[in-house]
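Close look at the chain arrangement
Residues per chain are reported as follows:
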Amino acid sequence: QVHLVESGGGVVQAGGSLRLSCTASENIDGYGLAWYRQAPGKQLELVATVTHVAEYTYLDSVKGRFTASRDNAKNAVFLEMNNLKLEDTAVYLCTAGIVHAETVTPVYWGQGTQVTVSS
């Protein structure tokens, strides 16, 4: 069982930046990692994935603004978010899972961290 703990959320003005971190309880070298988000009243949305061989995919609406990265030595995955918009407001969750092609099927989930973008 891999435990994932997110941090770094908060309240930020539109146009601002936040860096989310997700730390795992054990080695994650062989896992694909992903960030999801869920806004109130909306479905869960895949934001970014990082495969075990550092292939990246992003939700179209965050391309050019968000950057995912991983540090296997620290058992961590990050999400750098720039030029935040009101519509980025959501709970952000990290996952670790199995890679198929460039997709990641989540197996383990964190509890999430709230990101609120204000006007």
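The shown structure was predicted, so the numbers you read here are calculated from the model rather than taken from an experiment.

Thoughts on the packing of aromatic side chains
This structure, assessed with the given rule, holds two aromatic pairs. Consider the rings of Y36 and W109, whose centres lie 5.0 Å apart with planes at 45°: the pair is tilted. One end of the pair, Y36, is in strand β4 (residues 32–38); the other, W109, is in strand β10 (residues 103–109), and 73 residues separate them in sequence. Classification of Y36 as buried rests on a relative accessible area of 11%. We note R19 situated over the ring of F78; from NZ or CZ to the ring centre the distance is 4.1 Å.

Details of the pattern of salt bridges
Evaluated as defined, the whole model comprises five salt bridges. With a shortest N-O distance of 3.5 Å, E80 and R19 are connected by a salt bridge. Here E80, found in strand β8 (residues 76–81), pairs with R19, found in strand β3 (residues 18–24); they are 61 residues apart in sequence, far enough to count as distant. Its relative accessible area of 29% is what places E80 among the partly exposed residues. Residue R19 is classed as partly exposed on the basis of its relative accessible area, which comes to 44%. For R37, the salt bridge goes to E45, with nearest N and O atoms at 2.8 Å. Note on R37: relative accessible area 5%, which makes it buried. Classification of E45 by relative accessible area gives partly exposed; the value is 30%.

Some thoughts on the pairing of β8
Most of β8 sits inside the fold, with five of its six residues counted as buried. Adjacent in sequence and paired antiparallel, strand β7 (residues 66–71) and β8 are bridged by four residues, among which N75 carries a positive phi angle near 50°.

Topic: the pairing of strand β9 (residues 90–100)
Strand direction decides the pairing type here: β4 and β9, joined by seven bridges, are antiparallel. For L33, the partnering residue across the bridge sits in β9 and is A96. Strand direction decides the pairing type here: β9 and strand β11 (residues 113–118), joined by three bridges, are antiparallel. Looking at the pairing, Y92 lines up with T113 of β11. Looking at chain direction, β9 and β10 are connected through six bridges and run antiparallel. Considered in β10, the bridge of V99 is made with V104. Hairpin connection of β9 to β10: two residues between the antiparallel strands, including A101 at a positive phi of 55°.

Description of the sheet that holds strand β1 (residues 4–7)
Judged by pairing direction, the sheet is antiparallel, and its four strands sit side by side in the order β1-β3-β8-β7 without closing on themselves. One side of each edge strand has no neighbouring strand; the edge strands of this open sheet are β1 and β7. For this sheet, the mean angle separating the axes of adjacent strands, direction not counted, is 15°. Note: β1 against β3, four bridges, orientation antiparallel. By the bridge assignment, L4 is partnered in β3 with A24.

The rules we used
Throughout, a residue's number is its position along its own chain's written sequence, starting from 1. Totals for whole chains, interfaces and linings use every residue, but because this is a predicted model, local features are given only for residues with pLDDT of at least 70 and side-chain atom pairs only at 80 or more, for both listing and counting. Think of the side-chain values as coming from all heavy atoms in the structure, minus any hydrogens and water. Classification of ring pairs rests on two measures: the distance between centres of Phe, Tyr or Trp rings, Trp counted by its six-membered ring, which must be within 6.5 Å, and the angle between planes, read as stacked under 30 degrees, edge-to-face over 60 and tilted in between. Each helix is a run of DSSP H or I of at least 4 residues and each strand a run of E of at least 2, with the numbering of both proceeding from the N terminus. The classification of residues rests on relative accessible area computed with a 1.4 Å probe and restricted to protein chains. Under 20% of the type maximum is buried, over 50% is exposed, and intermediate values are partly exposed. The criterion is that NZ of a Lys, or CZ of an Arg, lies within 6 Å of the ring centre and within 35 degrees of the ring normal, and then a charge sits over that ring. The term salt bridge refers to a pairing of a side-chain nitrogen on Lys or Arg with a carboxyl oxygen on Asp or Glu at a separation within 4 Å. A pair of strands is considered paired only if DSSP assigns at least 2 bridges between the two. Where helices are involved, their axes are fitted lines through C-alpha atoms of the stretch in contact, as for all axes, and angles between N-to-C directions lie from 0 to 180°.

Shape descriptors only; they carry no functional weight alone.
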